[in-house]
Amino acid sequence: MNLLIIRLIIFAVVFFAGLKIYRIYREWKLEQQGDDNGTQHEGGKMVRCTWCKVHVPEQDALRERGEWFCSSDHRDKFLAEHSDDTPDDPKA
Ligand SMILES: [Zn+2]
């Protein structure tokens, strides 16, 4: 008789513990999926590097003088080439 009660108690404890772990796991998984989707949606915009014309995600790109660049190297090259240019019409 005692053994049956102990078995019932163990079964109940295991059952509720499993239920709790399952709920925590499900919440954690939903949170991770939500985070991933949010990042993908916000970082989904692509911009083009003015120097090499390669498309890069906006969060990885650098912005300078209204132009986008894939790396600081390309930004520096662009600025070096255009630093001598005056805003006036060079053809005139
Ligand atoms: Zn580039």
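Keep in mind it's a predicted model, so treat the numbers as computed, not measured.

K.L.:
How should the overall build of the chain be read in this particular structure?
P.N.:
Each helix and strand counted, the chain has two helices and four strands in total. When its helices and strands are written in sequence order, the chain yields α-β-β-β-β-α. Burial analysis of the chain (92 residues in total) assigns 12% to the buried set. A total of about 8,300 Å² of accessible surface is found on the chain, and carbon and sulfur atoms cover 57% of it.

K.L.:
Looking at this structure, I do not really get the coordination of the zinc ion. What am I missing?
P.N.:
Put simply, the ideal angle at a metal is 109.5 degrees for four donors in tetrahedral geometry and 90 or 180 degrees for six donors in octahedral geometry. All of the protein donors around the zinc ion are Cys49 (SG), Cys52 (SG), Cys70 (SG) and His74 (ND1); their distances to the metal are 1.9 to 2.3 Å. If you look at the zinc ion, its four donor atoms make angles of 95 to 123° with each other, and the shape they trace is tetrahedral. For Cys52, a relative accessible area of 28% puts it in the partly exposed group.

K.L.:
Where do I start with the confidence of the model for the chain in this structure?
P.N.:
Keep in mind that low pLDDT regions are not for reading the predicted coordinates in detail. Counting all residues, the mean pLDDT for the chain is 85, and 79% of those residues have values of 70 or more. No element of the chain has a lower mean pLDDT than helix α1 (residues 2–42), which averages 85, and none a higher one than strand β4 (residues 67–69), which averages 96.

K.L.:
Explain the side chain of Thr50 to me, please; I cannot follow it from the model alone.
P.N.:
Here Thr50 is to be found in the loop between β1 (46–48) and β2 (55–57). Apart from the residues lying within four places of it in its own chain, the contact partners of Thr50 are Glu67, Trp68, Phe69 and Phe78.

Rules used in this analysis
Residues numbered from 1 in each chain as written. Predicted model: local features only at pLDDT ≥ 70, side-chain atom pairs only at ≥ 80, totals over all residues. Heavy atoms only, no water. Helix = DSSP H or I, 4+ residues; strand = E, 2+ residues; numbered from the N terminus. Buried < 20%, exposed > 50% of the residue type's maximum accessible area, 1.4 Å probe, protein only. Areas by Shrake-Rupley, 256 points an atom, 1.4 Å probe, with all protein chains shown as cover. Donors = N, O, S within 2.8 Å, 3.2 Å for Na, K, Ca; no water. Tetrahedral: all angles 85-135°; square planar, octahedral: opposite > 155°, others 65-115°. pLDDT = per-residue confidence, 0-100. Contact = heavy atoms within 4.5 Å.

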